[in-house]
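Listed below are the residues making up each chain.
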Amino acid sequence: MAYNHNVLLGLVAAAFTATAALAGSHTSGQAEKAVKARKAHMGLNAFNLGILGAMAKGEVEFNADVAQGAANDLAALAMMSQASYWPEGSSSDDMEGTRALPVAWTDMAGIIEKAQALGAATTAMAAAAGTLEGVQAAIGPVGAACGACHKVYRKPDS
Amino acid sequence: MVKALFRWAAALALVGTAVFWWVTRPVMLDAGALAGLTPDLAAGEQVFYAGGCAACHAAPDASGDARLTLSGGQAFPSPFGTFRAPNISSDPDHGIGGWSALDLANAMKNGVSPEGQHYFPAFPYTSYAKAQLSDIVSLHAFLATLPASTEPSKPHEVGFPFNIRRSLGGWKRLFLGDAWVVAGDLTAQETRGRYLAEALGHCGECHTPRNVLGGLQFSQWLGGAPDPSGKGRVPNITPGKLLWSEADIAEYLKSGFTPEFDTAGGHMVAVVENTAHLTPEDRAAIAAYVKRVMPVQ
């Protein structure tokens, strides 16, 4: 009887472990989707910045309509809620494929401040995108706002 | 017999201590080393940005003009312990406002404090050793124009045996020199870039891997290294890995944008905040130098 009791305990423990593993794989699936979404968002930022940057550097001829479109998109991207992008358990300490440092989950005040700075810089870009000089003047602050987050919340990687 | 042995042991210990004391003694500049050099404030400001003083000595969360108050406090984790940048503001008591230009030159070129104590090489004197004395004199004058802070310097958290500062004298004999890493025929632009990158900019301090004693592995110069924080890597920026054009590198040092319009991250953001203040010619010179470095795969 004592033997059976132990077997039962063992089975319960095994089932528990399996459930925990299932739950774990479920969350990590969500986390991977969230990381994908983060990267897609960053990719759109880079794409639109690239349009403006190429004009600012003189690699591409300035086109006010194209610049305005890219600048509007950047501003819209900065205004998007990212609330679901950052679930618990999706930091660089938790999983592969992301460089988001755990400190991003504990420094909410810093995140809000930097997000507001990005909003201000991209709004200024949207207001200035009508002229080449405007784009050239506005792109520095946008880069600084991007960098302010990457400085603190992104793991170095080669 | 025992007595004789003891005497021998005592004598040997004495000789050993004397040799250790001699080998590890602080090396300092002659009192007249700076004779005839006059400071140039504008040049000093450029040395300040090229040398990246604020990147480490500004307060941990300082941004904008607050970065000119060099109150210290940033932590630098390493395999040897955590180092904390001291207050080097112009305050005479808590900062270095009381230092002479010679004191600054001894600190930067020899890693020695005005009291004759060795600094830990977290302070990159292994690079600044190659700085020109005229630039240090100008930097000294510029630092005096920056705000004072009474923030006390925080102690390093370094355990035994690395906390024996005297032994750094021996470390310096192994790893402190003033030879250029990239030698050979360089153009005037590459030579300027080498001075900015190897001496003032101290790029190699993070981008070059270190041996177990913390000395730079010059055969892997700028070939990338584990980030000292233990998280991630500092990238390989030699032509073996970094395929950016010179214009791309110069742009990165100005705006922080990569050619793909990603941005600098981590400590490199603080570096770009400094290089953004350099002249376009100096950024181009650094780029030309970086393309000239021996490729590391």
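### Here's the deal with the overall build of chain B
In terms of regular secondary structure, chain B is built from 12 helices and five strands. When the backbone C-alpha atoms are referred to their principal axes, chain B occupies close to 75 × 45 × 40 Å. Within chain B, the fraction of its 297 residues that count as buried is 47%. The contacts of chain B with a sequence gap of at least 6 include a subset with a gap of at least 24, amounting to 63%. For chain B, the exposed area adds up to about 14500 Å²; of that, 62% sits on carbon and sulfur atoms. Counting 22 positive and 26 negative side-chain charges, chain B places the centres of these two groups 12 Å from one another.

### With respect to the packing of aromatic side chains
Any aromatic ring pair is given by two values, namely how distant the centres are and how the planes are angled relative to each other. All names here are of chain B. As enumerated under the stated definition, the model contains 13 aromatic pairs over all chains in all. Seen from their ring centres, F80 and F162 are 4.8 Å apart, and the 75° between their planes marks the pair as edge-to-face. Note that F80 is positioned in the loop between β1 (75–78) and β2 (81–84) and F162 in the loop between β3 (157–158) and α7 (168–175), a separation of 82 residues in sequence. What makes F80 partly exposed here is its relative accessible area of 21%. Where F123 meets Y128, the ring centres are 5.9 Å apart and the plane angle is 65°; that geometry is what we call edge-to-face. Classification of F123 by relative accessible area gives partly exposed; the value is 23%. Among the residues examined, Y128 registers a relative accessible area of 6% and is labelled buried. An aromatic cluster is built from Y119, F123, Y125 and Y128, whose rings are joined through pairwise contacts. Lying across the ring of W22, R25 places its NZ or CZ 4.4 Å from the centre. Over the face of the ring belonging to W22 we find R173, whose NZ or CZ atom lies 5.4 Å from the ring centre.

### Thoughts on unusual backbone geometry
Residue and element names in this part refer to chain B. Here the amide bond leading from F160 into P161 is cis, since omega sits at 0°, within 30 degrees of zero. Despite not being glycine, L222 has its phi angle at roughly 60°, a positive value. Looking at the secondary structure, you find L222 in the loop between α9 (204–207) and β4 (225–226). Look at L222 and you get buried, because its relative accessible area is 1%. Phi angles above zero are rare outside glycine, and F261 is one such case at about 60°. Within the secondary structure, F261 sits in the loop between α10 (246–255) and α11 (267–275). Residue F261 is classed as buried on the basis of its relative accessible area of 9%.

### Side note on the pairing of β2 of chain B
All names here are of chain B. Relative to β2, β1 runs antiparallel, the two sharing four bridges. Bridging across to β2, A75 finds its partner in R84. Between β1 and β2, which pair antiparallel one after the other, the connecting turn spans two residues.

### Quick notes on the sheet that holds β1 of chain B
Strand order in the open sheet formed by three strands is β1-β2-β3 (chain B), and the pairing between neighbours is antiparallel. In this open sheet, the two strands that pair with only one neighbour each are β1 and β3 of chain B.

### A short note on the pattern of salt bridges
Pairs can form between side chains of opposite charge once their charged atoms are near each other. Tallied over the entire structure, the rule returns 11 salt bridges over all chains. Salt-bridge contacts for D93 of chain A lead to K231 of chain B; the nearest nitrogen and oxygen are separated by 3.4 Å. Within this pair, whereas D93 of chain A is found in the loop between α2 (64–79) and α3 (108–128), its partner K231 of chain B is found in the loop between β4 and β5 (233–234), the two belonging to separate chains. Take K231 of chain B: its relative accessible area is 31%, and that puts it in the partly exposed class. Linked through salt bridges whose partners overlap, the residues forming this network are K151 of chain A together with R67 and E273 of chain B.

### Some words on the interface of chain A and chain B
At the junction of the two partners, chain A supplies 20 residues and chain B supplies 20 residues. Across the chain A/chain B interface, buried area totals approximately 1600 Å², and carbon plus sulfur atoms make up 58% of it. Joining chain A to chain B, the criterion identifies three salt bridges. The shortest N-O distance in the salt bridge between K151 of chain A and E273 of chain B comes to 3.7 Å. The tally of links from chain A across to chain B stands at six residue pairs in polar contact (both at pLDDT 80 or more). If you tally residues by element for the side of chain A that touches chain B, the top one is helix α4 (residues 132–153) of chain A, at six residues. Classifying every residue of the side of chain A that touches chain B gives eight nonpolar, six polar and six charged.

What counts as what
- Residues numbered from 1 in each chain as written.
- Chains lettered and ligands numbered in written order.
- Predicted model: local features only at pLDDT ≥ 70, side-chain atom pairs only at ≥ 80, totals over all residues.
- Heavy atoms only, no water.
- Helix = DSSP H or I, 4+ residues; strand = E, 2+ residues; numbered from the N terminus.
- Buried < 20%, exposed > 50% of the residue type's maximum accessible area, 1.4 Å probe, protein only.
- Contact = heavy atoms within 4.5 Å.
- Areas by Shrake-Rupley, 256 points an atom, 1.4 Å probe, with all protein chains shown as cover.
- Lys, Arg positive; Asp, Glu negative; His and termini not counted.
- Charge placed at Lys NZ, Arg CZ, Asp CG, Glu CD.
- Phe/Tyr/Trp six-rings, centres within 6.5 Å; stacked < 30°, edge-to-face > 60°.
- Lys NZ or Arg CZ within 6 Å of the ring centre and 35° of its normal.
- Pairing = 2+ DSSP bridges.
- Salt bridge = Lys/Arg side-chain N within 4 Å of Asp/Glu carboxyl O.
- Buried area = accessible area lost by both parts, 1.4 Å probe.
- Polar contact = N/O pair within 3.5 Å; in protein donor to acceptor, adjacent residues only side chain to side chain.
- Nonpolar A, V, L, I, M, F, W, Y, C, P; charged D, E, K, R; others polar.

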